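# Remarks on the overall topology
Listed below are the residues making up each chain.
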Amino acid sequence: MNDQLTPASAAAAPEAVSSPAPGRNIGAGPGKRARRAIPPRVIALFWSTPFIVFLAYPIIGAVQAGLDKPGPLLLLSETLALGIVYIAAWLVLDSAPRDASHWKRYLVMVGLIAALQVVILVTNAPFGGSGAVFLICYLVSPMALLSPPRWMFPSLALGLALAAVEILVRPSEGYFPLVVILMTTTVTVLSRLAMDHERLKDVETKQEIALSRERERARISADLHDILGQTLTGITVKADLAGRLLDAGRVDEARAQLDDLTEMSRAALSDVRDVVAANRTLLPDTEIEAAREVLETAEVRLVVVREGEPAPGAPSTLVAHVIREGCTNTYKHAAATVVTVTVRADGVSVVNDGVKRRGMPAVRRAVGSAASTGDAGGGVSREGTGLDGLRERVGSRGTLTWGGQGDAWTLDLRLHQVGGA
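Model, not experiment: these values are computed from the prediction. (Residues numbered from 1 in each chain as written. Predicted model: local features only at pLDDT ≥ 70, side-chain atom pairs only at ≥ 80, totals over all residues. Heavy atoms only, no water.)

## Here we look at the overall build of the protein
Put simply, the rule is: Numbering goes from the N terminus for both helices and strands, where a helix is a DSSP run of H or I of at least four residues and a strand is a run of E of at least two. Here a residue-residue contact requires only that any non-hydrogen atoms of the pair lie within 4.5 Å.
Within the protein, the regular secondary structure consists of 13 helices and 6 strands. Considering only residue pairs separated by 6 or more positions, the protein has 73% of its internal contacts joining residues 24 or more positions apart.

Now the structure itself:
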């Protein structure tokens, strides 16, 4: 009867290949702040449930044997229960979890799957059928992809040991099921390791960004200290001296000190403006090289096309800001493989191919002198340095557009006065 169970082996390799996708957290795309994202566990379910169809073989076998008999009816019930528990495991457990915070759930779900597989093997034995050992593929896949990090290999060792014992107890099964189970284990383990590596790489990228920001803050602090420290100290001394001269009735000398104090204050104000201007001024080439380093870390290729050069001053600075924001949005909110930066005399465009991979919405907003001030949409940072802040910075100098079309998501700046400052 249950000779038809053998095709369940076909569920092993396909499931192992497709299951890693849940770990990519597909549902957490760029619109997660602006719209409801599909929960990652539901995404995991989408990838895991198609292979439940292979449980149809034992179900069909039980039906053909006659559900009026206790044995086939029991086998049918056990198979349905295995399918339900298998689906539930992907709903209640996180894919590639970072810790063992839900270890009790994991033990319950894996224990139920293992128990049901053993029960199906025992129920199947009186009919002389084979193939129940293949159902261990439905056990090792959750063990590899849903287990806490340190539990993966011990869990898989127990799963493989169970398969070996069942083959020894039921020699008629042969060794082919063990080969299929080993293949499933290998593919799912490699997939899990790839998920963990991708997560680690993402963490390292974020740490590098944080360190870069901290270094920038430290540099600005040092600039302010070096440039203003001596001037502010002089202002303090002059103010104290002027006060003592006034107390002594030496008005003319106090007035001279106040004049010096005024000049030093103006110099300090000029120094502050210079520091601020220096830190606000960005260069397109500098931003391109900075973006290249971060994108290469994330394994994203940066292609630079030069059709012209923006004028020095404000146009060049705006182009640099667009390059920075476009590349930042790419590695924060998209799943791109290629980013193309096209520098023109009248502006710049930053295009990435991560729309369909991460679901960046194909909505285009125009901002600038004839701006729409709606929600920023896909991949937009809501921070002051995001697209809203960039829109304010552009102001009446040009038009900023962004949005997705096909596979591409584009951020484009067109300056109104190409040669203007």
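## A look at a nonpolar patch on the surface
Condition: Like charges within 9 Å and nonpolar side chains (Val, Leu, Ile, Met, Phe, Trp, Tyr) within 5 Å are joined into patches, using only residues over 30% in relative accessible area that form no salt bridge. In these tables, accessible area is a Shrake-Rupley quantity obtained with a 1.4 Å probe, and a residue counts as shielded only by the protein chains included in the view. Just to be clear on terms, a salt bridge is a Lys or Arg side-chain nitrogen sitting within 4 Å of an Asp or Glu carboxyl oxygen. Buried means the residue's accessible area, taken with a 1.4 Å probe over protein chains only, is under 20% of the maximum for its type, while exposed means over 50%, and partly exposed covers the values in between.
Residues V63, L67 and L73 make up a contiguous nonpolar surface patch of roughly 230 Å² in combined accessible area. You can see L73 is positioned in helix α4 (residues 70–92). Residue class for L73 comes out partly exposed when judged on its relative accessible area of 41%.

## Digging into helix α13 (residues 387–394)
Most of α13 sits inside the fold, with 6 of its 8 residues counted as buried. Taken residue by residue, α13 has L387, D388, G389, L390, R391 and V394 as its buried positions. Backbone geometry just after α13 places G395 at a positive phi near 55°.

## Focus: the nonpolar core
Formally: Residues belong to one nonpolar core when they are buried, are Ala, Val, Leu, Ile, Met, Phe, Trp, Tyr or Cys, and are joined through side-chain atoms within 4.5 Å.
Within the largest apolar cluster, 42 residues are counted, with the highest numbers of intra-cluster contacts made by L82, I136, L139, L156 and I181. Where this core is concerned, the elements lending two or more residues are α4, α5 (103–124), α6 (137–145), α7 (152–169) and α8 (176–247). Of the residues forming this core, the biggest block, 8 residues, is contributed by α5. Setting aside chain neighbours within four positions, we find L82 in contact with L55, I113, L116, I120 and L135. Counting 28 residues, the second largest nonpolar core, distinct from the first, contains A291, V294, Y331 and L413.

## Examining the packing of α6 against α7
Quick note on the threshold: Interaxial angle, 0 to 180 degrees, is taken between N-to-C directions of lines fitted to C-alpha atoms, where a helix line uses only the stretch in contact. Any angle that falls under 35 degrees is termed roughly parallel, while one over 145 is termed roughly antiparallel, one within 65 to 115 roughly perpendicular, and all others oblique. Only Asp, Glu, Lys and Arg are considered charged in this grouping, and only Ala, Val, Leu, Ile, Met, Phe, Trp, Tyr, Cys and Pro are considered nonpolar; every other residue, Gly among them, is considered polar.
Between α6 and α7, whose axes approach to 8 Å, the crossing angle comes to 170°. By the angle between their axes, α6 is roughly antiparallel relative to α7. Here L139, V140, M143 and A144 of α6 come into contact with α7, specifically with M152, S155, L156, G159 and L162. Among the residues forming the contact of α6 with α7, the class breakdown is 7 nonpolar, 2 polar and no charged.

## Focus: the pairing of strand β6 (residues 408–415)
Remark: a regular strand shows side chains that alternate across the two faces of the sheet. This is how the line gets drawn: Strand pairing requires that DSSP identify at least two bridges connecting the strands.
Burial runs high along β6: 6 of the 8 residues are buried. As paired elements, strand β3 (residues 347–352) and β6 share 6 bridges and run antiparallel to each other. The partner of V348 across the bridge, within β6, is L413. Looking at chain direction, strand β5 (residues 398–405) and β6 are connected through 8 bridges and run antiparallel. When the bridges of β6 are listed, W402 appears paired with L411. Hairpin geometry of β5 and β6 is characterised by an intervening segment of 2 residues between the two adjacent antiparallel strands and by a positive phi of about 65° at G406.

## Section: the confidence of the model for the protein
To be explicit about the condition: Scored between 0 and 100, pLDDT is the confidence that the predictor attaches to each residue.
Put simply, the protein has an average pLDDT of 75, and 76% of its residues get 70 or more. Low pLDDT, under 50, characterises residues 1–36; the stretch is placed with 97 contacts to residues that sit more than four places away or in other chains. Ignoring residues within four places in sequence, the model shows residues 358–385, a span with pLDDT below 50, making 80 contacts including any to other chains.

## Regarding the pattern of salt bridges
A full pass over the atoms with the stated rule returns 13 salt bridges. As a salt-bridge pair, R266 and E263 come within 3.3 Å of each other at their nearest N and O atoms. Note that R266 and E263 are positioned in helix α9 (residues 251–280) at a spacing of 3 residues, about one turn of the helix. You can call R266 exposed: its relative accessible area is 54%. With a relative accessible area of 47%, E263 lands in the partly exposed category. The partner of R306 in a salt bridge is E309, with the nearest N and O atoms 2.9 Å apart. Take R306: its relative accessible area is 41%, and that puts it in the partly exposed class. The class for E309 is partly exposed, based on a relative accessible area of 47%.

## Observations concerning the packing of aromatic side chains
Each aromatic ring pair is characterised by the separation of its centres together with the angle its planes make. Using the following cut-off: Between rings of Phe, Tyr and Trp, where Trp is taken as its six-membered ring, a pair exists when centres lie within 6.5 Å; planes separated by under 30 degrees are stacked, by over 60 edge-to-face, and by other angles tilted.
In total, this model carries 5 aromatic pairs according to the counting rule given. Ring geometry for Y86 against Y138: centres 5.1 Å apart, planes inclined by 90°, an arrangement best described as edge-to-face. A residue pair is termed long-range when its members are at least 10 positions apart, and Y86 in helix α4 and Y138 in helix α6 qualify at 52 residues. Joined through ring pairs, the aromatic side chains of Y86, W90 and Y138 make up one cluster.

## A closer look at the pairing of strand β1 (residues 301–306)
With 6 bridges joining them, β1 and strand β2 (residues 338–344) adopt parallel strand pairing. Among the inter-strand pairings, L302 is bridged to a residue of β2, identified as V339.

## Considering α7
Cut-off, in case you're wondering: One fewer than the residue count of a helix, multiplied by 1.5 Å, yields its expected span. By construction, the arc corresponds to the directions joining the helix axis to the C-beta atoms.
Look at α7: 26 Å from first C-alpha to last across 18 residues, which is about the 26 Å you get at 1.5 Å a residue. Those residues of α7 that fall on the buried side of the exposure criterion are M152, S155, L156, G159, A163, E166 and I167. Projection of α7 onto a plane perpendicular to its axis shows the buried side chains occupying an angular sector of 115°, all on one side. Facing away from the buried side of α7, by more than 90 degrees, are the exposed residues F153, L158, L168 and V169.

## Here we look at the environment of T410
Within the fold, T410 resides in strand β6. A residue is classified by how much of its surface remains accessible, and T410, at 17% relative accessible area, is buried. Sequence spacing of T410 and V341 is 69 residues, and the spatial spacing of their C-alpha atoms is 9.8 Å.

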